[in-house]
Every structure is written in structure tokens, then in C-alpha cells.
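# Chains, contacts and geometry: an overview
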Amino acid sequence: MSHTLPTLDAARVRLRQLSVADLDDLHTVFSDVRAMRYWSTPAFADIARTREYLAAIDAGRERGDLLQWGIEHVAQGRIIGTTTLFHIDREQGRAEIGYILGSPWWGQGLANEALTRVMQHARDGMQMRRIEAD
């Protein structure tokens, strides 16, 4: 059974499923030392690590317990971060949320747009009753 993420549009960002074509943009985000300071692992040293991470994102989507969208800057047409619903418990109607945005994109309200849109989807599209952030 193949699971495809729905594309979620906001004013300046589009949340969409990541693909191998996004690998360079994804690596730019996950090798950003400033952004990764807030992540649970060090910045990715090489593109091979980013490729492994993309495979893990795909595996989580296929299992249905991790949904990670690429945050595409609509005007730029490139991935500038990701937002994730994880530890999804559909029976309890709960999930955790996280995000990363490349540091050049900070301070513009883009993460707010992305998070607002994914939370709307969690509530209305997935019937989640509780979203937690750490």
C-alpha cells in the first residue's frame, strides 16, 4: 500500500512530499549548522547522510507513523525546510509536531505559515485532537 502526502498550500509556502529531486535543497537545510543547532542530531556532513534521511522519511510515511512534508518556497520553487507530524496515534487522535527551516529563511513568518497549515490538516483532515511540541 502506497501512502502519498497531500499537498498543502499556504500564501508563500507549499507543503509537499519530498522526492530524490529535492536532495540538494534538503541537504542545504540539514547541513545548515545554525538550523541544526535545534535538531536532535548534528548537521549532516555529506549528501549520503541526507539520502539516508530521505529514505527514513519515506519509510515513516509508508508505515503511517511519520508524515514529513517539504516546505517549498513558492516564489523560489525550492525546498527551504520541513515540517513533520510524528508519533502519530490515530486511535487517540494525537501527534507530535516539529519543523526545521534553513537559517536564511528565518524571521519572515514562513515557518508560522507552514505550521499553521499542517496543524489545520491534522485537525480537519486527520481528526487529530491533540498536537504536542517539545
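Residues numbered from 1 in each chain as written. Predicted model: local features only at pLDDT ≥ 70, side-chain atom pairs only at ≥ 80, totals over all residues. Heavy atoms only, no water.

It is worth spelling out the side chain of glutamate 113 at this point. Within the secondary structure, glutamate 113 sits in helix H4 (residues 110-125). Owing to a relative accessible area of 16%, glutamate 113 belongs among the buried residues under this scheme. Other than its neighbours up to four places away in sequence, glutamate 113 contacts Ala10, Ala11, Arg12 and Val13. (Helix = DSSP H or I, 4+ residues; strand = E, 2+ residues; numbered from the N terminus. Buried < 20%, exposed > 50% of the residue type's maximum accessible area, 1.4 Å probe, protein only. Contact = heavy atoms within 4.5 Å.)

With that settled, consider the nonpolar core. By size, the foremost hydrophobic cluster in this structure holds 22 residues, and its most contacted members are Leu15, Trp69, Ile71, Leu85, Ile88, Leu101 and Val118. Listing elements by their share of this core, those giving two or more residues are strand E2 (13-16), strand E3 (66-73), strand E4 (78-89), strand E5 (94-101) and H4. Looking at this core element by element, the count peaks at six residues for H4. Leu23, Leu26, Tyr53 and Ile57 belong to the second-largest nonpolar core, a separate cluster that totals 13 residues. (Core = buried A, V, L, I, M, F, W, Y, C linked by side-chain atoms within 4.5 Å.)

The next thing to look at is the environment of leucine 54. Summarising the element assignment, leucine 54 is placed in helix H3 (residues 47-63). Placed 28 residues apart in sequence, leucine 54 and leucine 26 show a C-alpha to C-alpha distance of 8.5 Å. With near-sequence residues (within four places) excluded, leucine 54 lies in contact with Leu18, Ser19, Val20, Leu23 and Leu26.

This part takes up unusual backbone geometry. Residue histidine 87 is not a glycine yet carries a positive backbone phi of 50 degrees. You can see histidine 87 is positioned in strand E4. Of note, the phi angle at glutamine 127 is positive, near 55 degrees, even though the residue is not glycine. Following the sequence through the fold, glutamine 127 ends up in the loop between H4 and strand E6 (130-132).

Of note, glutamate 72 is situated in strand E3. Residues contacting glutamate 72, with those up to four places away along its chain left out, are Arg12, Val13, Arg14, Arg16, Gly77, Arg78 and Ile79.

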